[in-house]
Amino acid sequence: MRKITSLFFLLHISIYANSIVDDIDIEFVGILHNEMEQIMPKNKTDYKSKDSNSFTSLYSELVLNYDYSENIFLSLGTKVNKVIGEDNYNTPLYLQTKQTSDEINKAILSEVSLNYDNNFWALSLGRQDVNYDWLLGSVDGALLMMGHDKDYSLRLFWFENYRYLQYNYYTEVKDINSQRGMYGAIAKVNFKDVEFSYFDYFIQDIRNIMGGHFSYMHKNYGLHLSYSSAKALSLAAYDYDEEFLNSSIEFLIRKHYFELGFSKTGKNGLLAMIQMGNFMFGEFYLSNQVDRENAKNVFLKYIYADKKWRFEFISGTTNYDNSFFEIQNNMKAYEIDTYIKYTYSKNVSFDLGLMYMNVNERDPLQVDQSLVMFNMVVSYENY
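A count of helices and strands for the chain gives 3 helices and 19 strands. Residues counted as buried form 40% of the 383 residues belonging to the chain. Taking the intrachain contacts of the chain between residues at least 6 apart in sequence as the baseline, contacts between residues at least 24 apart amount to 54%. Summed over its atoms, the accessible surface of the chain is roughly 21,400 Å², and 59% of this surface lies on carbon and sulfur atoms. Computing the positive centroid from 35 side-chain charges and the negative centroid from 49, the chain places the two 4 Å apart.

Printed below as a string of structure tokens:
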């Protein structure tokens, strides 16, 4: 009798465990990343000479969502990075600009949250992985969203800790503004071919970041316009106001995508506005100086894609000023980036990137750079 009871008990546990597994959504991304960077100064000195840096890392993201009920679910996410090969710069000046394995070898909880969603309003409490305008990474706090995201929505959020981990970068800010945190709102409206969004973020008495985006999409054509502003408040240590204007037109001809864009920064460049991880101020991997003072950038992007292959090319030129160390105006830089992606299967793909940036010889801060980047990406999801 005891054996029969034990068998029924084990069977019950097995069925219950299988039902739990059935209610868990799994997302996994694993990346083998390799990059080789070379710096080429315009004028060689004892502090600046031709030098190179390379490293290889294993990076992974895992997210589990457990449906506790029809409207309530739990989220757990991790990100892990491990550098398995590294050859650092020999030049101390260049080494300061690059994070080493000691800084980017991390394992973090990127999500630990309790969520409620009834398809009209949603509430998340805990640590969440977000991707908003000028905000990308993991935040500890609360998020309330109302409305239907495809038509209209309003997001309200507050958080006090911030983390962002990638295969070659890590940053962390704890107890933002002495635990008073950062709070804000994002409103979005869609109707027919037009989308408009407005955001307003506050770090109390330190900084206010706000802006809006307008998009018009009709058939294979599109127009995009955005403006963002960062105002320094009474307690800001970096007490400069910043602004950024970005616009582009795009069109699609069969499998060929073209985009022509223009951006402009204010007289103080961009620093405070990009501290929370989202480098949306430009299209370039090496920045092409579009975040500098009075930077006017023009770029052209081309993309070709089919079922297996994707080719992306972007080239642009920037006219910018500098007031650090010495004043230099009307300097020029240009950058060319190319990317090739091959999709081997639903779960495996390969990426190759080649980037080159050339800066003005009068620029006291920057140097020419070239970068070769390779990724092998493995992904999985069970839904």
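Additional details are given in the paragraphs that follow.
Our next topic: the confidence of the model for the chain. This prediction gives the chain a mean pLDDT of 89; 92% of its residues lie at or above 70. No element of the chain has a lower mean pLDDT than helix α1 (residues 2-22), which averages 46, and none a higher one than strand β18 (residues 348-358), which averages 97. Across residues 3-17, confidence stays below pLDDT 50; counting only partners more than four residues off in sequence or on other chains, it has 0 contacts.

This part takes up the nonpolar core. Among the nonpolar cores identified, the biggest contains 24 residues, and Leu-135, Phe-159, Tyr-162 and Tyr-201 are the most heavily contacted of them. Taken together, the elements giving at least two residues each to this core come down to β5 (121-132), β6 (135-148), β7 (152-166), β9 (182-191) and β10 (194-203). Among the nonpolar cores identified, the runner-up in size contains 20 residues, and Ile-108, Leu-286, Val-359 and Met-373 belong to it.

Take the pattern of salt bridges next. Evaluated as defined, the whole model comprises 12 salt bridges. For Arg-310, the salt bridge is made with Glu-312, and the minimal N-O distance between the two is 3.6 Å. When salt bridges with common partners are traced through the structure, they connect Arg-127, Asp-140, Arg-163, Glu-172 and Lys-174 into a single cluster.

With respect to the element layout, Arg-292 can be found in the loop between β14 (256-265) and β15 (293-305). Polar side-chain contacts of Arg-292 include one of 3.1 Å to the side chain of Asn-322. Aside from chain neighbours lying at most four places away, what touches Arg-292 is Thr-265, Gly-266, Gly-269, Tyr-320, Asp-321, Asn-322, Asp-363, Leu-365 and Gln-366.

When you line up the elements, Tyr-116 lands in strand β4 (residues 106-117). For Tyr-116, a relative accessible area of 27% corresponds to the partly exposed category. Distance from Tyr-116 to Ile-72, taken between C-alpha atoms, is 4.6 Å for residues 44 residues apart in sequence.

It is worth spelling out the pairing of β6 at this point. Most of β6 sits inside the fold, with 10 of its 14 residues counted as buried. As defined by bridge partners, β5 adjoins β6 across 12 bridges and the pair is classed as antiparallel. What sits directly across from Gly-126, in β6, is Gly-141. The hairpin formed by β5 and β6 contains 2 residues between the paired strands, and Trp-134 there has a positive phi angle of roughly 65°. The pairing of β6 with β7 spans 11 bridges and is antiparallel. Considered in β7, the bridge of Met-146 is made with Leu-154. Linkage of β6 to β7, two consecutive antiparallel strands, is achieved through a turn of 3 residues.

Considering all chains together, one arrives at 18 aromatic pairs under this definition. With centroids separated by 6.2 Å and ring planes inclined at 35°, the aromatic side chains of Tyr-132 and Phe-157 adopt a geometry described as tilted. Of this pair, Tyr-132 sits in strand β5 while Phe-157 sits in strand β7, placing them 25 residues apart in sequence. Given the relative accessible area of 13%, Tyr-132 is considered buried. Relative accessible area serves as the criterion here: at 7%, Phe-157 is assigned to the buried category. Relative to Tyr-201, the ring of Phe-157 lies with its centre 5.1 Å away and its plane at 75°, an arrangement referred to as edge-to-face. On the criterion of sequence distance, the pair formed by Phe-157 in strand β7 and Tyr-201 in strand β10 is long-range, its members being 44 residues apart.

As enumerated under the stated definition, the model contains 3 cavities of 30 Å³ or more in all. Quantified by volume, the largest cavity comes out at close to 60 Å³. Forming the boundary of the largest cavity are Gln-128, Val-130, Tyr-132, Leu-135, Val-139, Gly-141, Ala-142, Leu-143, Phe-157, Trp-158 and Phe-159. Contributing elements (two or more residues each) for the lining of the largest cavity: β5, β6 and β7. At 5 residues, the largest contribution of residues to the lining of the largest cavity is made by β6. When its residues are assigned to classes, the lining of the largest cavity shows 9 nonpolar, 2 polar and no charged.

In this section: unusual backbone geometry. Even without being glycine, Gln-179 reaches a positive phi, approximately 70°. By the secondary structure assignment, Gln-179 is in the loop between β8 (169-173) and β9.

Turning our eyes to something else, we now look at a negative patch on the surface. On the surface, Glu-86, Asp-87, Asp-102 and Glu-103 cluster together to form a negatively charged patch. For the negative patch, the elements supplying multiple residues, two or more each, are β3 (72-87) and α3 (101-104). Its location among the elements puts Asp-102 in helix α3.

A few words on the pairing of strand β16 (residues 309-322). Sheet analysis places β15 next to β16, joined by 11 bridges and oriented antiparallel. Looking across to β16, one finds that Val-298 is bridged to Thr-317. In sequence, β15 turns back onto β16 through a hairpin of 3 residues.

Here is what the cut-offs are and how they apply
- Residues numbered from 1 in each chain as written.
- Predicted model: local features only at pLDDT ≥ 70, side-chain atom pairs only at ≥ 80, totals over all residues.
- Heavy atoms only, no water.
- Helix = DSSP H or I, 4+ residues; strand = E, 2+ residues; numbered from the N terminus.
- Buried < 20%, exposed > 50% of the residue type's maximum accessible area, 1.4 Å probe, protein only.
- Contact = heavy atoms within 4.5 Å.
- Areas by Shrake-Rupley, 256 points an atom, 1.4 Å probe, with all protein chains shown as cover.
- Lys, Arg positive; Asp, Glu negative; His and termini not counted.
- Charge placed at Lys NZ, Arg CZ, Asp CG, Glu CD.
- pLDDT = per-residue confidence, 0-100.
- Core = buried A, V, L, I, M, F, W, Y, C linked by side-chain atoms within 4.5 Å.
- Salt bridge = Lys/Arg side-chain N within 4 Å of Asp/Glu carboxyl O.
- Polar contact = N/O pair within 3.5 Å; in protein donor to acceptor, adjacent residues only side chain to side chain.
- Pairing = 2+ DSSP bridges.
- Phe/Tyr/Trp six-rings, centres within 6.5 Å; stacked < 30°, edge-to-face > 60°.
- 1 Å grid on protein atoms, 1.4 Å probe; cavity = no way out; pocket = protein on both sides within 12 Å on 5 of 7 lines; lining within 4 Å.
- Points joined across faces, edges and corners; volume = space filled by probe spheres on them.
- Nonpolar A, V, L, I, M, F, W, Y, C, P; charged D, E, K, R; others polar.
- Patch = residues over 30% accessible without salt bridge, like charges linked within 9 Å, V, L, I, M, F, W, Y side chains within 5 Å.

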